Structure formats: structure tokens, C-alpha cells
Amino acid sequence: MSETLRIDGLRAAVEGKEILTGVTLNIQRGEIHALMGPNGSGKSTLGFAIMGHPAYEVTGGSVHLDGVDLLELDPDERARAGVFLAFQRPMAIPGVKMADFLRHATTNVRNPERKEGEDLISMREFRKELREKMEQLRMDPEFARRYVNDGFSGGEMKRAEILQMAMLRPKFAILDETDSGLDVDAVKLASQSIADIGGSEMGILIITHHDKLLEHNRPDFTHVMLGGRIVESGGPELAAELHSQGYDRIREKYPEAAAAELAMQEEAAPVS
Amino acid sequence: MATDTPVSAEKENIGEINKYNFRTETKEVFKARKGLDAEIVAQISDLKDEPDWMRQFRLDALKVFESKPMPNWGGDISLDFQDVYYYLKPTDHQGKTWDDVPDEIKETFDKLGIPEAEKKFLAGVKAQFESEVVYGSLQEDLAKKGVIFTDTDTAVREHPELLREYFGTIIPPSDNKFAALNSAVWSGGSFIYVPPGVKIDFPLQAYFRINAESMGQFERTLIIVDEGAEVHYVEGCTAPMYTTESLHSAVVEVIVKRQGRCRYTTIQNWANNIYNLVTKRAVAYEDALMEWIDGNLGSKLTMKYPAVYMMEPGARGEILSIAFSSAGQHQDAGAKLVHCAPNTSGSIVSKSISKNGGRSSYRGLCKAERGAAQTKSNVVCDALILDPESRSDTYPYIEIDEQDVSVGHEASVSRIGEEQMFYLMSRGLTEAEASTMIVNGFIEPLIKELPMEYAVEMNRLIQLQMEGSVG
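Residues numbered from 1 in each chain as written. Chains lettered and ligands numbered in written order. Predicted model: local features only at pLDDT ≥ 70, side-chain atom pairs only at ≥ 80, totals over all residues.

Regarding unusual backbone geometry
Note the cut-off: Labels follow the DSSP assignment, with helices taken as runs of H or I lasting at least four residues and strands as runs of E lasting at least two, numbered in each case from the N terminus. Residues with at least 20 other C-beta atoms within 10 Å of their own are called buried, those with 12 or fewer are called exposed, and the rest are partly exposed. The C-beta atoms themselves are positioned from the backbone.
With a phi close to 50 degrees, Glu177(A) is a non-glycine residue in the positive phi region. Looking at the secondary structure, you find Glu177(A) in the loop between β9 (172–176) and α6 (184–198). Despite not being glycine, Asn343(B) has its phi angle at roughly 55 degrees, a positive value. Topologically, Asn343(B) is positioned in the loop between β21 (330–339) and β22 (345–354). Given 17 C-beta atoms within 10 Å, Asn343(B) falls into the partly exposed group.

What follows is the structure, given as C-alpha cells:
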């Protein structure tokens, strides 16, 4: 597995305000990267910019997946190229059943060349696979008949995101605080599930404040984001340090990034 | 054999390129000259060999039509009423089997899937082409139980006692200008009588097809559900696209007696040149239930507000309305609940979708008359707007002449959100697939009320409307 997600000097702005000030990061398939950093440092923005959120304007740098320029693609084409973003706050789509949504999404992502209106993957095959994946995630089968994220608890939403990742089998997944709002047991289950799904096939970027999600997903690399860029990278020990001791050392060591962070927070409510 | 004229693509509006847009070359038996006056009305009556009371009813109604001003609310009706054909007789007799129907007309209904649906899941069918019903059927066992399902012209001849008792009593010609117009020139439509206690398991369906240019279709439907009886009536309507305007102006009267149930489902997909000005009203007696399910797609302008008058305690009225307006379309649709007796209850659920500059309005009335105590009405209307060019309005009217009444009204307007679109697209759905999915989800609460076959049809129609909605 030598395929790479290559992020190079990425800059991005929301409503004219620059949030990412030059992020460089390479992820190989099979690797786990942890991305940590205080609120408002630009972690979620990185996820949205890679996935192509229309409100996030890329103002510089590049993102390539095996030489393909992702920034040239619409979000759906990026998904079909093999990128997945687990949302921190997934959107409710009332009236659309999880199963219907997932069948459509799975079909498109697995057959990237599919034209609109062409057949979906077979119902039987899909149902069987969905049922298996839901069992692994200890989800009630009834879940498939509920409307997408509509009235879901925080924990249900996060599990639904992991389920989607399991069905879509991306090459690269960005998990944006998939542990937030979960209790200890749920985080443990999520952590285990991500490890099972990921394996050696997937490159994973885990955005988190805690180290619980990393329990079963020992990061090969840990990155610290501050003021819109990655200021320090290390191994799993860095994640442990940040979790136990916070970001004071980082802020002291990188005063410019810390100043940028402060400026961003004063300018507006943090976009995280 | 039918020779269908393909319609050139330049004339089409996006979303109109569909299987309904074909014209059939026919040899009509009789076509009245264009325009409307007492001579035309008398001619229609003569052709139908009607009794004097009906002829007089028509002529009186014409005077009402001429005396009433155009409504100054709703939509813009810029139609020249003298530039319309008011009567066109497509065949000289009604078929009892499809083989009796002229080939080119039969092929029209074949394309619309009517004979196939009839075989699969319908208890009876009426097919109207221009002004007359050209085909009619009813399952034999239902006929034996005394169920009547015929066209209204035949009913005037064969069931005069029922007609004279009910015809024009729920919606008199004086009700509104277009009820008067229909009363003057009506032709075709369904007449249904369900005897006490008879429950019809499968739907009865009527299909109304306008084919000719500048045509007016004025069907007249009367449904009487006797005590404890049940019926589900479904109507579909389509027409090909022309550059000139056509007019569809129906009157539908429904009587649901004690403990009876009637469900009336409309799925119409008119071409963009049709003015659709329809009056639909039901009266529900003690413990009776009347349901209107009203799917409004297409047309240039639709003004339609199905009503339930709850006449005795325990009567219920439920109305579900879907409106979809696209470029050049204005759906002024809604519903009315009128409580005339105590302990009656009703609900209105309205969902509208506007796109490509289309305009949808909800216009509804909840009324409790004096003495109608302990009545309940609930209205929920949700509008979904797909782009900044499109528009949605809500006109809720509430008239309460009684103290002890509960009326609820909730309205919401949403635009398809960037965040929802991005979420779906991040899962590999194209922009078009994502917006279609959001729209389908939006109307899902109504679609699931439809029998499976119609739910499929409705979803397909929405799909057609959504095609080309992006870019």
C-alpha cells in the first residue's frame, strides 16, 4: 500500500478569514495519524477543506490523492476517489431512511463510474452487508429504517458515521472528534470498530482531544495544530503528553502560532 | 393506428420532457366551435339529449359565470375564455372493453399504463379523453352489490333520482366563477354510488387526458358513500404541451354519510400550459371520514382547495396536499376544514416544493361555525425552496364563531441547506442526487400514505420534476 494523501501548504479561509495558514501533511494507506490541538486551531477546517465544503475557500496549497488533484473535484467526486470525513456534527436529512441513503452512497463510492439512474447495488447483497456491519457496531437493526441523523442522540450519530465509513470503505478517512459526546464504553467500542474497519487498508486522520479513541488505534504519528498550521509532529508519546499536560508547552515553544491563534479567537467565534 | 407527433425539444421546459408529453392524432366525432355563449351551452345539452332540468341548470349557470368577476386573489388568470374549445366528442360511444375503444385513443391510455394498472390492482376504471369518457369498467361482484361507477352523463340518464337529489347541492353554480363555468359546460367525470355497508377493497380510478390544443376539460364528479360504506377513488390527469393555453376546470362533490369513509386521491401532472381551476368539496356526516390526498404537479396555474364540511358530530376531515412548482408554474393550493357541528375534527398537512423560479402558495381555511363546540383543527404546512429564484407563500385563514374550539397552525419554510447538500455529497451522491434525496425525504410523510403503486408513480413524477434542476 503505497497510496498517499498529500497535503501541501494548504491554506483555507471562511468568509474571507484565513483559518488554515499552510498545512503540510502526508498520510499513507495503513497509517494512523492523530491530529490534536486546542479549540479553534483549524482541525475541523482541515477536514472540511479536504472534503470540499463550499463555505471553505482554499486560498493556497494543494491536496493530492495519488497524483489526483482533489481540489479540482466536487465533494462527491472526492468521496468516490476514496476520501471520507466523519462529521463532528452530522446533518439530519428528514424523511430519508438510513438504508436508502447508504445504499445509494455505497453504490456510488464503489462504482465511481456509475451514471445517474443506473442500477444500485443489489438489495440482498447490500442488506446482508449492512446487517453484519451493524451487528459489529452493536446497532439495533431498526436503525436502518430511521431517517438519517433525524432525532439521533449524540452517540447514535457518531456510530452512524462509523457505520458509513465501514460501508464506504474509503482509502483515507478523517474522523472529526468521533469520540465527542460518547460515554466511556461507547468510545471504547468506537475505538475498536475503527481499528477493525481501518486495518492496513486505510489511512486514518483522527482529530481528537483525548487519547481514548487512540487506545485501539495507536497513532504512527501525532501532529499538533496551532494557529492554523501543524507546529509539531511526533509519535504516540506526543499524544499522551498533550492529553495529560495540555498545550502550554506548545504555545510557549511556538509564540507566533500562539499569537495567530489568539488573533483568530478575538476576531470571531472559533470555527472548530 | 396512432400517429404521435413528437414535440420538438426547443419548446420544452426542463422537467417536462417525459412520457406524458405526446400528442395523438385523432378523428373527433364532433367539435363545438371555439368560444362560450348560450348557443354552445344549449348545443352541448342537445348533443347529450339531456332532460330539461339539466339544460336549464346549465343555462342558469352560464349567467352566473358571466355575472361573476374574476377572482382578484390567487394566481394570474390571463386566459381568453373565448379562445377555448368547450366541447370535443372524441368517439361516438363508450367502450366496455378496451377493444371497443378507437385504436389511437386506446394506445394513448396504453402509454399511460391504465389498462395494465386495471388488470393489477383496480376495482374499476373510467378513462376520459377530451370531453367524454371513452372507456368504463367495474368489477362484476361490485356491480352485483349495487355499486354504481359510471360517467356522470350516463348517470343523468340512468340514475336521475340520485342526480336530482345531490347534483350541484354541495357546490352550487353560485359558489364561485369556475364552479359556474363547469356547471354550464360540464361533460364526463365520474359518478359513484356505494350502497350502505359495502366496502370496496381496491381503488376505483379515473384518468383524465386532454389531447387537443386550446381545449377545455370540464369533468363533473359526484360521489355518494352511503352509511358505513367505504371507497378509495383515484384520479390521474395529464396533457401534452402546447404553446397556447388550455383550461381544466372540474367540480367534484362528495357525500359521505354516517360512518362512511371516502378517500379521494389526485395525482395530476399537467403540462405547463394548463390553467387548472378546480372546486372540490365533501360533506361528512356523523362519524364519517373524508380524506383528500392531493398531489399537484405541473400546470401553469393551479387554484384548488379541497374542502371537508363536517356536518354532524364525530365527522372527520383529513387533507394531505403536495404541490410542486417549477419554472413558469404557480401552485396556489391548499385546503378547507369547516366545522358545522360539535365534536368534529380535522387536519391539514401541506407540503410544497418550489424550484427554478416556481411559486407555491398554501391557502387554507379553518372555520368553526356557531354551535360547533369542542372541535379541533390542526394545520401543518411546510415549504421547501430549492433556489433563490423560487417563492413560497402561506395564506392561512381562520374563522371561529364558537368559544370552545382548538385550532393549531404550524408553518415552516426551509431552503435546501448547503450543509445538508455537502453532507450527502461527501458520501458520494451527486448534486442532483442529493437534492432529489432531500426533496423525496421532505414529502416522504405524504408518500407513505399512498398505496404502493401510486407512491411509486409519485416518486417518479418528483424525479422527473427534479431532473435538470441543477445547473
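As for α6(A)
Residue and element names in this part refer to chain A. The condition is simple: To estimate how far a helix should reach, multiply one less than its number of residues by 1.5 Å. Relevant arc is that of directions from the helix axis to the C-beta atoms, nothing else. Distance between backbone-placed C-beta atoms decides contact: two residues are in contact if it is within 7 Å.
In a regular helix each residue adds 1.5 Å, so 15 residues correspond to 21 Å; α6 covers 21 Å between its end C-alpha atoms and thus fits that length. Those residues of α6 that sit buried are Val187, Ala190, Ser191, Ser193, Ile194, Ile197 and Gly198. Down the axis of α6, the buried set is contained in an arc of 170 degrees. They therefore lie on one face. Summarising the geometry of α6, the exposed residues directed more than 90 degrees from the buried face are Val184 and Asp185. The inward-facing, buried residues of α6 abut α4 (123–136), α5 (154–168), β9 and β10 (203–207). Once α6 ends, the next one or two residues include Gly199, with phi positive near 55 degrees.

Quick look at the sheet that holds strand β4 (residues 56–65) of chain A
Put simply, the test is: Only when DSSP finds a minimum of two bridges between them are two strands counted as paired.
Here we have four strands laid out as an open sheet, ordered β2-β1-β4-β5 (chain A), and antiparallel in their pairing. In this open sheet, the two strands that pair with only one neighbour each are β2 (17–28) and β5 (68–69) of chain A.

Some words on the nonpolar core
To keep it simple, the criterion reads: What makes a nonpolar core is a set of buried Ala, Val, Leu, Ile, Met, Phe, Trp, Tyr and Cys residues, with links drawn between C-beta atoms within 7 Å.
Core analysis: the largest hydrophobic core is formed by 215 residues, its most contacted members being Ile206(A), Ile192(B), Val256(B) and Ala284(B). Ignoring sequence-local partners within four residues, the contact set of Ile206(A) consists of Ile32(A), Ala34(A), Leu35(A), Leu175(A), Leu213(A), Leu214(A), Asn217(A) and Pro219(A).

Here we look at the sheet that holds strand β15 (residues 261–270) of chain B
As a general point, the strands of a sheet are linked pairwise by backbone hydrogen bonds and lie either parallel or antiparallel. All names here are of chain B. Put simply, the rule is: Between the N-to-C directions of two axes lies an angle of 0 to 180 degrees, each axis being a line fitted to C-alpha atoms and, for a helix, fitted only over the stretch in contact.
Pairing is mixed in the open sheet, where ten strands are placed in the order β6-β5-β9-β12-β15-β17-β20-β22-β24-β26. In this open sheet, the two edge strands, each paired with only one partner strand, are β6 (132–138) and β26 (405–415). For this sheet, the mean inter-axis angle between neighbouring strands, taken without regard to orientation, is 10 degrees. With ten bridges connecting them, β15 and strand β17 (residues 289–298) associate as parallel partners. Within β17, the residue paired with Cys262 across the bridge is Met290. Running at roughly 120 degrees to strand β5 (residues 124–129), helix α3 (residues 103–111) makes contact with β5, β6 and β9 (204–209) of the sheet.

What to know about the pairing of strand β11 (residues 220–225) of chain B
Residue and element names in this part refer to chain B. Along β11, six of the six residues are buried, which leaves the element largely enclosed by surrounding structure. Because side chains alternate across β11, one face comprises the buried residues Arg220, Leu222 and Ile224, and the other comprises Thr221, Ile223 and Val225, equally buried. Both strand β8 (residues 190–194) and β11 contribute to a ladder of four bridges, which runs parallel. What sits directly across from Val194, in β11, is Val225.

Focus: the interface of chain A and chain B
You'll often see interface size given as the accessible area lost when the parts meet. Defined as follows: In this count, Pro and Cys sit with the nonpolar residues alongside Ala, Val, Leu, Ile, Met, Phe, Trp and Tyr, while Asp, Glu, Lys and Arg are called charged and the others, Gly among them, polar.
At the interface, 26 residues of chain A touch 21 residues of chain B. Those elements that place two or more of their residues in the side of chain A that touches chain B are α2 (75–81), β7 (93–97), α3 (98–110) and α5 of chain A. By residue number, the principal contributor to the side of chain A that touches chain B is α3(A), which donates five residues. Within the side of chain A that touches chain B, the residues separate by chemical class into 17 nonpolar, five polar and four charged.

Describing the environment of Ile438(B)
The topology assignment puts Ile438(B) in helix α10 (residues 431–447). Spatially, the C-alpha atom of Ile438(B) lies 8.1 Å from that of Gln420(B), the residues being 18 residues apart in sequence. Those residues in contact with Ile438(B), other than ones at most four positions away along the chain, are Ile93(A), Ile416(B) and Gln420(B).

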